[in-house]
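Given next are the chains, with one letter for each unit.
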2 protein chains.
Amino acid sequence: MLTKEVIIGVDIGGTNTALGVVDASGQILHRALFPTRKAQNADDFIVRLADSIKKLQQKLSQGHVLRGIGIAAPTANYFRGTIEGPANLQWGEVELVKKIKSQFDLPVALTNDGNAAALGEMHYGAARDMKNFVVITLGTGLGSGIVVDGRLVYGENGLAGELGHVAIDPDGRECACGRTGCLETYVSAPGLCRTAFTLLAERIVPSELRNYSPNVLTARKVYELALMGDAIALAAFDYTGQILGQALANTVSNFSPEAIILFGGLAEAGEFLFAPTQKYFERYLLNIYRGRVRLLKSRLQNGQAAILGASLLVANEIA
Amino acid sequence: MLTKEVIIGVDIGGTNTALGVVDASGQILHRALFPTRKAQNADDFIVRLADSIKKLQQKLSQGHVLRGIGIAAPTANYFRGTIEGPANLQWGEVELVKKIKSQFDLPVALTNDGNAAALGEMHYGAARDMKNFVVITLGTGLGSGIVVDGRLVYGENGLAGELGHVAIDPDGRECACGRTGCLETYVSAPGLCRTAFTLLAERIVPSELRNYSPNVLTARKVYELALMGDAIALAAFDYTGQILGQALANTVSNFSPEAIILFGGLAEAGEFLFAPTQKYFERYLLNIYRGRVRLLKSRLQNGQAAILGASLLVANEIA
C-alpha cells in the first residue's frame, strides 16, 4: 500500500496534540507535540497544527514522500470532516478537513480519537485478528471506538461511540457537555481527581491529598500517592474502576464484543485502575456473557494508537 | 424468493408464543397462539410448539409449500441456534433449532426477538430504507434489535443487543437475571406495575390502584386507569417514559442511529408512554445528536413484527 511513502498522523487530545510521521510498517519516524489548550480558539489551533505539520515535513528524508494527513479528534465526524462541539474544547463546529486541505495539497481524513485508537489496535495492537471489540481511551475525557464484524461503527451521522457521554447517573456530576452524570465525569483523569475530593469530604482518614487544591491536583499525583499507599488515592482508583467496570458490563449488553481494550494516559495507572475495573466488570456482567469477554490493556504505547490509527484511516482511503 | 412458498414464523414471548404462516409479500395467512408459561419446562414447551406448528401445517392450502420455520425468542443465539438462559423463563440453555429440526425436515433459524422485530420493521414497517436504527420491544421484558449499516448487530457470540439488561442503577430493582437495576425492571409491563406500587407507597393521592394487589395488577389495568385520569397510573407512565427516554439517549451515544422504533404490548399504551419518553429522550440527548434522531412507533401490528422478522430470517437463509 505504501512503499517509501509516509503519512502524518495527528491525535488531537483535550490537553495535548501529538503528531507522528508513520511509515508502511507502522513505525513512527518523527514526532511532535504541542498543547491543544494554549490555542485561543479553533482558528488559532489550526494555525499551530499547520505549523507543526510543516515542521515535520521539513524533517522528512529524501526517500520519503508524504501521501496524506490523518487526524483523530474528539467528536470528529468522519463523514463530514468536521469536529462537532467537543465537550473539552470550546470550539463549536470546526471544518477541520477543509481547512487543513486548503493548506496542504494532500488527502486529509478525520475520525473520532476512539475510532483511530481502534484502527491502531486492530492493525498493530491488542485487537489483531479480532472482528468485534471496543477500545476505551482514558485521558482528559473518555473516548471509544467500536468495531462490529470487522468494521468501525459510525452510525447514521458518523458520530457513534460517544461512550464518555453515556449517562450513568442522571442526577450525577456536571459534565462540560451541559448534561449531568456522563461516564467521563467519573472515568477520566479529571474524573479521578473529582472522586478524590468527594472521598476526602466523606472520610476522615489522613491523606497526603489533603494538601492539594482542586486547581493543582492531577491524576498523575493521585497515581504517585497510590503507589505510596495513600488510602484516599487507592480508594479513588477503586471507585473509578467500579464505575468503569459497571459501564463496560453495559457496553457488552449492547455489542457482545470479544474484548474490551483500555488505552490512554489513565489506563497507564496499571493495576490500580485495571484490577478494580476487572473485578466489577465480571461482577456486573449479564450471565450470558460471563467468561466470554476479555478485558485487555492496550498493546500500543500511549500516544501511538491514535496516531497510527489516524494514519491508517488515510492510508486506507488512498489505497 | 418465495412463490407460493410460505414460512412459519414463531415469536416466543415471556407470556405467549405466537405463530403465523407468512407468504412472500409478508401477509400472515394463518395464526396460532399458546401460553408460553404453561409449559412445565423447555422440553414440555418444545412438545407444545411442535404441536402448534403441525396444526398450522394442516391448515395450509394445496398451493402452499412450507419452506422453513423461523423462530424469535429472548436471549436467542443466532450463531448456535440456542436459547441461552432467558431471564423470564427458567429454562436454562435450550438447543431449540436442533430439537425442532429433528421433528420437521425443514430449514429452521432462530434469532433474538428484538432482532426479528428489527428485520420486520426494516422490510415491512417503520424502518423501510433505513440503514442505522434500533427497535425496542416492550412486553414482559424489554428486547432490542440493532441495525448498523444495514446489518443486524450480532456481536462476537450472537448475543448483542440485550438492552433490557443494561443496568440503569446498580442499586436498583432486582431483576430475574440475578442482577439489579436492569432497564427492563423499570420499562416493561411488570416494570410499569412495580413503579405503580412504588408511587402508591410514596404518595397519598387517592387512586383506584390501591384496590389491586401486586399479584393481580396488570399493565393493561394501569393503562385503563390512566385513560380514566387516575393520578398514580398517569405518574407511573410518566416515570416509565422518563427511564426509557434516558436509556434511549444513552443508546444513541452508542450507535448514532437514524431512528429508534418502539414496538410491543406496552408501546401500544400510545401517548401515555410515548409522550414522556420523547420528552425525556430529547432532554437527555447529547448535543451533537439533537434533532438528528427520530423516535417512532412501530408501523406493524403488535404480534406481527417478530413473526414476520423470524420468517424473513429463514427466507434469507434459503434464498
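A. Geometry of the pairing of strand β1 (residues 5–12) of chain B. Residue and element names in this part refer to chain B. For β1, the tally of buried residues reaches eight of eight residues, placing the bulk of the element in the interior. Neither face of β1 is open: one carries E5, I7, G9 and D11, the other V6, I8, V10 and I12, and all of them are buried. Bridge analysis of β1 against strand β4 (residues 65–73) gives seven bridges, and the strand direction is parallel. Note on β4: the bridge partner recorded for G9 is G70. Between β1 and the antiparallel strand that follows it, strand β2 (residues 16–22), lie three residues.

B. Summary view of empty space enclosed by the protein. For the coordinates displayed, the defined rule picks out three cavities of 30 Å³ or more. A volume near 40 Å³ is recorded for the second largest cavity. Every residue lining the second largest cavity is listed: A167, P170 and R179 of chain A together with Q246, A249, N250 and Y284 of chain B. When residues in the lining of the second largest cavity are grouped by element, the largest group, three residues, is from helix α6 (residues 231–255) of chain B.

C. Up close: the pattern of salt bridges. Residues and elements named next belong to chain A. All told, the structure shown has 22 salt bridges over all chains when counted by the stated rule. Between R67 and E5 there is a salt bridge whose closest N-O contact spans 2.7 Å. Highlighted residues: R67 in strand β4 (residues 65–73) and E5 in strand β1 (residues 5–12), separated in sequence by 62 residues. Judged by its relative accessible area of 27%, R67 falls in the partly exposed class. Judged by its relative accessible area of 17%, E5 falls in the buried class. Residues E93 and R80 are paired through a salt bridge, measuring 3.0 Å at the closest nitrogen-oxygen approach.

D. Structural context of the interface of chain A and chain B. Of the residues lining the interface, 43 residues belong to chain A; the matching set on chain B comes to 43 residues. Note on chain A versus chain B: buried area summed over both sides is about 3600 Å², and carbon and sulfur give 48% of it. Of all residues in chain A, the largest losses of buried area upon contact with chain B belong to E156, N254 and R292 of chain A, amounting jointly to 17% of the total for that side. Applying the counting criterion to the chain A and chain B interface returns four salt bridges. A salt bridge links R292 of chain B to E84 of chain A; its shortest N-O distance comes to 3.0 Å. Summed over the shared surface of chain A and chain B, the number is 18 residue pairs in polar contact (both at pLDDT 80 or more). Breaking the side of chain A that touches chain B down by element, the ones donating at least two residues are β10 (142–148) and α6 (231–255) of chain A. For the side of chain A that touches chain B, the element with the most residues is α6 of chain A, which contributes five residues.

E. Spotlight on the relation of the copies chain A and chain B. Overlaying chain A with chain B gives an RMSD of 0.0 Å, the required rotation being 180° about an axis along which the chain moves by 0.0 Å. Expressed as a symmetry operation, the mapping of one chain copy onto the other fits a two-fold axis. When the interface residues of chain A are mapped onto chain B, 100% of them again fall at the interface, so both copies present the same face.

F. Looking closely at the sheet that holds strand β2 (residues 16–22) of chain A. Residue and element names in this part refer to chain A. Read across the open sheet, the five strands follow the order β3-β2-β1-β4-β8; overall the sheet is mixed. A strand with exactly one partner marks an edge of an open sheet, and here the two such strands are β3 (28–35) and β8 (108–112). Across the sheet, the mean angle from the axis of one strand to that of its neighbour is 15°, orientation sign disregarded. Alignment of β1 against β2, held across six bridges, turns out to be antiparallel. Bridging across to β2, V10 finds its partner in L19. The strands that helix α1 (residues 42–59) touches are β1, β2, β3 and β4; relative to β3, the one it contacts most, it runs at about 155°.

G. View of helix α4 (residues 189–202) of chain A. Residues and elements named next belong to chain A. Taking 1.5 Å as the rise per residue, α4 with 14 residues should run 20 Å; its terminal C-alpha atoms sit 20 Å apart, in good agreement. Inspection of α4 places G191, L192, C193, T195, A196, L199 and L200 among the buried residues, and these make up the whole buried set. Against the buried residues of α4 lie α5 (219–227) and α6. Two or three places before G191, at the opening of α4, S188 has a side-chain oxygen 3.0 Å from that residue's backbone nitrogen.

H. Here's a closer look at the environment of G26 of chain A. All names here are of chain A. By the element assignment, G26 lies in the loop between β2 and β3. Residues G26 and A275 lie 249 residues apart in sequence; the distance between their C-alpha atoms is 30 Å. Beyond its immediate stretch of four places on either side in the chain, G26 contacts Y124 and L308.

Calculation notes
- Residues numbered from 1 in each chain as written.
- Chains lettered and ligands numbered in written order.
- Predicted model: local features only at pLDDT ≥ 70, side-chain atom pairs only at ≥ 80, totals over all residues.
- Heavy atoms only, no water.
- Buried < 20%, exposed > 50% of the residue type's maximum accessible area, 1.4 Å probe, protein only.
- Helix = DSSP H or I, 4+ residues; strand = E, 2+ residues; numbered from the N terminus.
- Pairing = 2+ DSSP bridges.
- 1 Å grid on protein atoms, 1.4 Å probe; cavity = no way out; pocket = protein on both sides within 12 Å on 5 of 7 lines; lining within 4 Å.
- Points joined across faces, edges and corners; volume = space filled by probe spheres on them.
- Salt bridge = Lys/Arg side-chain N within 4 Å of Asp/Glu carboxyl O.
- Contact = heavy atoms within 4.5 Å.
- Buried area = accessible area lost by both parts, 1.4 Å probe.
- Polar contact = N/O pair within 3.5 Å; in protein donor to acceptor, adjacent residues only side chain to side chain.
- Least-squares fit on C-alpha atoms with pLDDT ≥ 70 in both.
- Axes fitted to C-alpha atoms, helices over the stretch in contact; angles between N-to-C directions.
- Expected span 1.5 Å × (residues − 1).

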